[in-house]
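Notes for the structure review
Single-letter residue listing:
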Amino acid sequence: MKQSSLLDIISPVMVGPSSSHTAGAVRLGLLARNIYNEKPSKVTFKLYNSYALTGKGHGTDKGVLAGLLGLSVDDTRIKDIFNLDISKQFEYEFEYLEDFNRHPNAVDFIIEGKHSMKISGDSIGAGEVVIRKINDFTVKCTGKYNTLLLVYKDVPNMISRVTNSIHVNIASLHCDRYAKGEDASMCVCLDGDIDKKVIDFLGLIEDVYMIRYIKKLES
Amino acid sequence: MEKLINTFAELSSCCTRTGKTIWQAAQEREADQNDMTIEDFRNIVKKNLTAMKEAIQNGLNSNEMSMSGLCGNDCSKLIERYKNERSLLGKTFERITTYALATSEENIRMGKIVACPTAGSCGIVPAVIIGVSDELNLDEEALINALITAGEVGRIVSNKVALAGAVAGCQAECGVASAMSAAALTQMRGGTIDEILNAMALAIKNLLGLTCDPVCGLVEVPCVKRNPFLAIHAVTASELALSGITSKIPPDEVIDALEQTGKLMSPTLKESSQAGLAKTRTAIDLEKRLLK
Ligand code: SF4
């Protein structure tokens, strides 16, 4: 059995009212912010199922926006986010959808800017979240670990080249690809922190299209 | 040091063998597992305790309604009543009920709270731990010990049952919060390890089957008012356990029952708002008004 921590039971400190619908929404926003890693010009938030239905009453819309703006789950400004100047940085809109193939608490961030990106995630309960897709790649990013995310061409030795450059313990490794020799993605969860130099170095590897280092969420 | 403690039987035998309290054993394990000193660990717990106190204060001073307008002004009614008429059960009862309601209302108006174990059940543990501290004359360190005890009990339950209404009903949210509080309170009053675990078991046993049927799918009705009820429930469990009354079904088996009951509970009664209070005539009317 995985060793659990009692701190998970007596936290997080968060603004209410719902760990999955409010805190989870903020955390998904924070992860999307770090994955996109640029200034958006426009964002469409697609909220699904329970996120669409009870999202307003739970502040899910405020939460995903606040997270994308970098506010943490215990920031009391979340409540008034729509009226604050910080929320005027980019255009945004919300869509409320029903799709039973999606998780009850699912969101898509459709981000436009210098690059366009679609980031999809679920709030899976008790404030825990997972980013499951970036554009069409399956990933698994929970914000619990420092995570290295790569999109690259599926060629031999890619995994060893990456893991050889990382000198901290790897907690988990998840790879996916379209098809042999096509685009592929790698999601490396780390127990420690890696240097920016390592990330820059990995970014130079031929056939790596995108690299992101997503820091563990503080709360 | 004990590495893996997954059941109450293991916890009990670890404490008995080493002569440590639950919080001592837990803080050592946590510090080790998270690569920090015991002091660092206690500081995190202290930060959460401070946030709990702030939530109570903010809640006691606010009347603001939630976004839906369903809840938010009940704590002030209780405070007003206690000003004019003391509670039959005394000051501690008054503190616990108002603190629980204050925290819960702070939650639904998007104020800052501590999910313990969840946001919907956030008022129970703080109300009990902080509400009795005046009466028992306890300092901050003692409250930190109590919160660690509560967390450790919740953690062991969560090894078997996900603490989420959607998975196992409200018995796993407010029910577990009440059991955590019962354990913490019993520890604060000098209970033995057996008494602490019996308080936990007695509290859970009497909440088995508690459904999660929130009106309009919002963490408001019945959640907010359930918090003061189950905070007091914890006190009853603790009183019984401290007198030497035991749960005939041992703690781990009570958790097995919790797990099984959660599995057998209809999905319509697990946070989906498809039955129970959520499908009463009034709730359906409210749904039409609020969610459209
Ligand atoms: S009724 Fe459901 S939503 Fe409300 S506190 Fe209980 S488990 Fe949470």
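Reference entry: report on the structure contained in this document.

Each value, and the rule that gives it
Residues numbered from 1 in each chain as written. Chains lettered and ligands numbered in written order. Predicted model: local features only at pLDDT ≥ 70, side-chain atom pairs only at ≥ 80, totals over all residues. Heavy atoms only, no water. Pairing = 2+ DSSP bridges. Helix = DSSP H or I, 4+ residues; strand = E, 2+ residues; numbered from the N terminus. Axes fitted to C-alpha atoms, helices over the stretch in contact; angles between N-to-C directions. Contact = heavy atoms within 4.5 Å. Buried area = accessible area lost by both parts, 1.4 Å probe. Salt bridge = Lys/Arg side-chain N within 4 Å of Asp/Glu carboxyl O. Polar contact = N/O pair within 3.5 Å; in protein donor to acceptor, adjacent residues only side chain to side chain. Nonpolar A, V, L, I, M, F, W, Y, C, P; charged D, E, K, R; others polar. Buried < 20%, exposed > 50% of the residue type's maximum accessible area, 1.4 Å probe, protein only. 1 Å grid on protein atoms, 1.4 Å probe; cavity = no way out; pocket = protein on both sides within 12 Å on 5 of 7 lines; lining within 4 Å. Points joined across faces, edges and corners; volume = space filled by probe spheres on them. Core = buried A, V, L, I, M, F, W, Y, C linked by side-chain atoms within 4.5 Å. Near = heavy atom within 4 Å. Parallel < 35°, antiparallel > 145°, perpendicular 65-115°, else oblique. Left-handed = near helix turned anticlockwise from the far one by under 90°.

A few words on the sheet that holds strand 9 (residues 170-177) of chain A. Residues and elements named next belong to chain A. A sheet is described by the order of its strands in space; here 4 strands give the open sequence 9-10-8-11, paired in antiparallel fashion. In the strand order of this sheet, the two ends are held by strand 9 and strand 11 (208-214), each with one partner. Looking at each pair of strands side by side, their axes are set apart by 10° on average, direction ignored. Examined bridge by bridge, strand 8 (residues 146-153) and strand 10 (residues 183-190) share 8 bridges and lie antiparallel to one another. The partner of Tyr152 across the bridge, within strand 10, is Ala184.

Here we come to the interface of chain B and chain A. In this complex, chain B contributes 44 residues to the contact, which on the side of chain A involves 29 residues. A per-residue breakdown of the area chain B buries against chain A is headed by Met67, Met110 and Lys112 of chain B, which together make up 21% of the total. Across the chain B-chain A interface, the total number found is 1 salt bridge. With a closest N to O distance of 2.7 Å, Glu64 of chain B and Lys79 of chain A form a salt bridge. At the surface where chain B touches chain A, the tally comes to 15 residue pairs in polar contact (both at pLDDT 80 or more). Elements with a contribution of two residues or more to the side of chain B that touches chain A: helix 2 (22-33), helix 3 (38-60), helix 5 (91-108), strand 1 (112-114) and helix 7 (140-160) of chain B. The element that contributes the greatest number of residues to the side of chain B that touches chain A is helix 7 of chain B, accounting for 8 residues. Residues belonging to the side of chain B that touches chain A are distributed by class as follows: 24 nonpolar, 12 polar and 8 charged. Examined bridge by bridge, strand 1 (residues 13-15) of chain A and strand 1 of chain B share 3 bridges and lie antiparallel to one another.

In this structure, Ser18 of chain A sits in the loop between strand 1 and helix 1 (19-36). The exposure class assigned to Ser18 of chain A is buried, which follows from its relative accessible area of 5%.

This part covers the layout of surface pockets. All names here are of chain B. The calculated volume of the second largest pocket comes to roughly 270 Å³. Residue lining of the second largest pocket: Leu89, Thr92, Phe93, Ile96, Val132, Glu135, Leu136, Leu185, Arg189, Ile232, Val235 and Glu239, and that is the complete set. Only helix 5, helix 6 (124-136) and helix 11 (223-242) provide two or more residues apiece to the lining of the second largest pocket. Among the residues forming the lining of the second largest pocket, the class breakdown is 8 nonpolar, 1 polar and 3 charged.

This brings us to the nonpolar core. All names here are of chain B. By size, the foremost hydrophobic cluster in this structure holds 76 residues, and its most contacted members are Phe8, Met180 and Met200. Here the element with the most residues in this core is helix 9 (residues 174-188); it accounts for 10 residues. Residues contacting Phe8, with those up to four places away along its chain left out, are Val153, Ile156, Val157, Leu197, Met200, Pro251, Asp252 and Ile255.

Bringing the site of the ligand into the picture now. Contacts to the ligand come from Gly120, Gly165, Cys170, Glu173, Cys174, Cys212, Cys223 and Arg226 of chain B. Taken together, the residues that form the shell around the ligand break down as 4 nonpolar, 2 polar and 2 charged.

Okay, the packing of helix 7 of chain B against helix 9 of chain B next. Residues and elements named next belong to chain B. Running from amino to carboxyl end, helix 7 crosses helix 9 at an angle of 140°, the nearest separation of the two axes being 8 Å. When the axis of helix 7 is compared with that of helix 9, the two are oblique. Both helix 7 and helix 9 take part in a crossing whose hand is right-handed. Mapping the contact onto sequence places Leu143, Asn145, Ala146, Thr149, Ala150, Gly151, Val153, Gly154 and Val157 in helix 7 and Val176, Ala179, Met180, Ala183, Ala184, Gln187 and Met188 in helix 9. Taken together, the residues that form the contact of helix 7 with helix 9 break down as 11 nonpolar, 5 polar and no charged.

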